[in-house]
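Descriptive analysis of the structure
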Amino acid sequence: MISPLAYVDPKAEIGNNVTIHPFAYIDKDVVIGDNCVIYPYASVLAGTVLGKNNRVFQGAILGAEPQDFHYKGEPTRLTVGDNNTIREYVIINRATHSDGETVIGNNICMMKGTRIGHDCRVDDDCILGIDCDLAGECHIHSKAILAGRVIVKEKCRVGSWTLVKSGCRTGKDIPPYILAAHNPIMYKGINAFILRRAGFSEATIENIALAYRQVYSSGTSLENAILRIKEVVTPSPEIDYILKFFSESKMGIIATIGEGQ
């Protein structure tokens, strides 16, 4: 299942039933799990660990050196989980320092031309559309959807079940369960259609909407909005997650009119 026209370093660890097509490049210090497929002209570079059932399409580069002036050439890591689709010309950078790690979860679709910077984390079941670009140290929470050509600046987060529409760019955190659109980026409401399809109850969706009305419709500060959420919104795991997301924000969150992006 390994073409003689592919380069596979003798020190690479290759699992069972792996297919490596002609002209693929597999570096030393690489682990490729069972049932992976590496298509022609894809490169898996030193420091990369791939789980099972991943497909790496033509021209993709996994474990590229970080595009960070703090990088001094030390061995660093990229860890990719299971069941991922990594389409043409995706580039994923490994971490900047040996004590860091770029982490890609499971069941993620990364479409053509996506770039994931050093020390990023992309959690399970996300979709990253064509030509998305994540700068260093971003965190995309599970089940988020970034449509085509979304740019996420360094250290920003995107919450779970959020849909960021095509062409957006953000220098702030995008909270969970919402729609975000336009430039400057704006809060555009709750991601209700996807939440319903995923089985969220109408009561849960309305509770989430009530929480975000305190943030985006009350005309008050985020700190006061958080207090109002605790007072008027029924507690639930979803509300707890929203409050935790706010409390952990270091970049601030997107606004209704997109100021400060």
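All residue numbers refer to positions counted from 1 along the written sequence of the respective chain. Side-chain atom pairs in this predicted model are given and counted only at pLDDT of 80 or more, local residue features only at pLDDT of at least 70, and totals for whole chains, interfaces and linings cover all residues. Water and hydrogen atoms play no part in the side-chain values, which are based on all heavy atoms of the structure.

An unreviewed UniProt entry lists the protein under the name UDP-N-acetylglucosamine acyltransferase, from Barnesiella viscericola DSM 18177.

1. Remarks on the packing of aromatic side chains
What counts is decided by this rule: A pair of Phe, Tyr and Trp rings is counted when the ring centres sit within 6.5 Å of each other, with Trp represented by its six-membered ring. The angle between the planes then sorts it: under 30 degrees is stacked, over 60 is edge-to-face, the rest tilted. Counting from the N terminus, the helices are the DSSP runs of H or I reaching at least four residues and the strands are the DSSP runs of E reaching at least two. Residue exposure (1.4 Å probe, protein chains only): buried if accessible area is under 20% of the type maximum, exposed if over 50%, otherwise partly exposed. Two conditions define a charge located above a ring, namely a distance within 6 Å from the ring centre to NZ of Lys or CZ of Arg, and an angle within 35 degrees of the ring normal.
Taken as a whole and judged by the stated rule, the model has 11 aromatic pairs. For the pair Y187 and Y216, a centre-to-centre distance of 4.0 Å together with 10° between the ring planes defines the contact as stacked. Remark: Y216 occurs in helix α2 (residues 202–216) and Y187 occurs in strand β27 (residues 186–190); sequence separation between them is 29 residues. As far as burial versus exposure is concerned, Y187 and Y216 are alike and both buried. Here the aromatic rings of Y212 and F246 are separated by 6.3 Å at their centres, their planes lie at 90°, and the arrangement is edge-to-face. Of this pair, Y212 sits in helix α2 while F246 is found in helix α4 (residues 237–247), placing the two residues 34 residues apart along the sequence. Members of the aromatic cluster, joined through ring pairs, are W161, Y177, F200, Y241 and F245. The ring of F57 carries R87 above its face, with NZ or CZ at 4.1 Å from the centroid. Directly above the ring of F245 sits R157, whose terminal nitrogen or CZ lies 3.8 Å from the centroid.

2. A short note on the pairing of β27
This is how it is decided: Two strands pair if DSSP finds at least two bridges between them.
Relative to β27, strand β26 (residues 178–181) is paired through 3 bridges, and the arrangement is antiparallel. Opposite A180, over in β27, you have Y187 as the bridge partner. Where β26 folds back on β27, the antiparallel hairpin that results is connected by 4 residues, among which H182 adopts a positive phi of roughly 75°.

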